[in-house]
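# Descriptive structure summary
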Amino acid sequence: MGDIAVNINKIKTELAGTSARLIAVSKTKPMSAVQEAYDSGQRDFGENKVQEMTEKYEALPKDIRWHMIGHLQRNKVKYIAPYVHLIHAVDSVRLLREIDKEGAKNNRIISCLLQIHIAEETTKFGFDKNDLQYFLENGELEALTHIKVCGLMGMATLTQDTAQISKEFEGLKVLFDEFSSKFHFRNFELTELSMGMSGDYQYALGHGSTMIRVGSSIFGERNYG
Ligand SMILES: *Cc1c(COP(=O)(O)O)cnc(C)c1O
């Protein structure tokens, strides 16, 4: 077995007994690396650039489930709308409306996660609790017929302070539990909680993550991205 397969198997062993799935983050990595992961049985892959994801989608096996995990610009939604499996980082109502519009054009319902701002850094995107509450109560969601919000996503602060990371993931889990019991609409049913990356997924698993997004621990360090 190559390194990539070994790394994937190791993480999958850690996931046994949890309800979490592995999203292999292949951004910046070549097709051959994705193919190697695929050959070991991996089917869910995450990318953060529209063009790169689309090139990989076109070249690689069609049963791969492609996850857009990065910040998505509204004018690029159209390129991924025909095939994307799940958009993780929806951070505005305007983006959600655009995804809805492109979903309609493609005659599909596109699954989305809403990104919640949990980190200390002000640069990370996302809704805060009040934005989300307002959006869910103002009725606007009802009009969106070609999206389905099926969970929340968050990124913890990049820090060595594991207590802080745990606190942030725990906060997201509390919000997830609250909103998943409080709000049910035809197109809003929270079941997925996407949190945890190479450096912090153990903490995320401890707080109920259902999807970990792991790149460098599988494919090695990136030079950029
Ligand atoms: C790059 C990226 C990851 C994976 O990061 P690693 O530290 O390499 O595991 C996860 N989530 C998002 C949103 C990313 O952009």
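Calculation criteria
Residues numbered from 1 in each chain as written. Predicted model: local features only at pLDDT ≥ 70, side-chain atom pairs only at ≥ 80, totals over all residues. Heavy atoms only, no water. UniProt positions renumbered as here; feature names shortened; annotations may be inferred. Helix = DSSP H or I, 4+ residues; strand = E, 2+ residues; numbered from the N terminus. Expected span 1.5 Å × (residues − 1). Buried < 20%, exposed > 50% of the residue type's maximum accessible area, 1.4 Å probe, protein only. Arc of directions from axis to C-beta. Near = heavy atom within 4 Å. Polar contact = N/O pair within 3.5 Å; in protein donor to acceptor, adjacent residues only side chain to side chain. Areas by Shrake-Rupley, 256 points an atom, 1.4 Å probe, with all protein chains shown as cover. Nonpolar A, V, L, I, M, F, W, Y, C, P; charged D, E, K, R; others polar. Pairing = 2+ DSSP bridges.

Per an unreviewed UniProt entry, the recorded name for the chain is Pyridoxal phosphate homeostasis protein, and the organism is Marinoscillum luteum. The Function (unreviewed entry) field of the UniProt record for the chain holds the comment "Pyridoxal 5'-phosphate (PLP)-binding protein, which is involved in PLP homeostasis." Listed in UniProt under the heading Sequence similarities (unreviewed entry), the comment for the chain reads: "Belongs to the pyridoxal phosphate-binding protein YggS/PROSC family."

## A few points about helix α1 (residues 3-15)
Between its terminal C-alpha atoms α1 stretches 19 Å, which fits the 18 Å expected from 13 residues at 1.5 Å a residue. For α1, every residue scored as buried is listed here: Ile4, Ala5, Ile8, Ile11 and Leu15. For α1, the arc enclosing every buried residue in end-on projection is 130°, short of the 170-degree limit, so these residues lie on one face. Across α1 from its buried face, at more than 90 degrees, point the exposed residues Asp3, Lys10 and Thr13. Once α1 ends, the next one or two residues include glycine 17, with phi positive near 90°.

## Focus on the site of the ligand
What surrounds the ligand is the set Val25, Lys27, Ile69, Met153, Met155, Met197, Ser198, Arg213, Val214, Gly215, Ser216 and Arg222. Serine 216 places a main-chain nitrogen or oxygen 2.8 Å from an oxygen atom of the ligand. With the chains in place, 90% of the 390 Å² that the ligand exposes on its own is no longer accessible. Split by residue class, the shell around the ligand holds six nonpolar, three polar and three charged.

## Examining the pairing of strand β8 (residues 211-214)
The alternating pattern of β8 places Met211 and Arg213 and Ile212 and Val214 on opposite faces, both of which are buried. When strand β1 (residues 21-25) meets β8, the two strands line up parallel, connected through four bridges. Paired with leucine 22 across the two strands is isoleucine 212, which belongs to β8.

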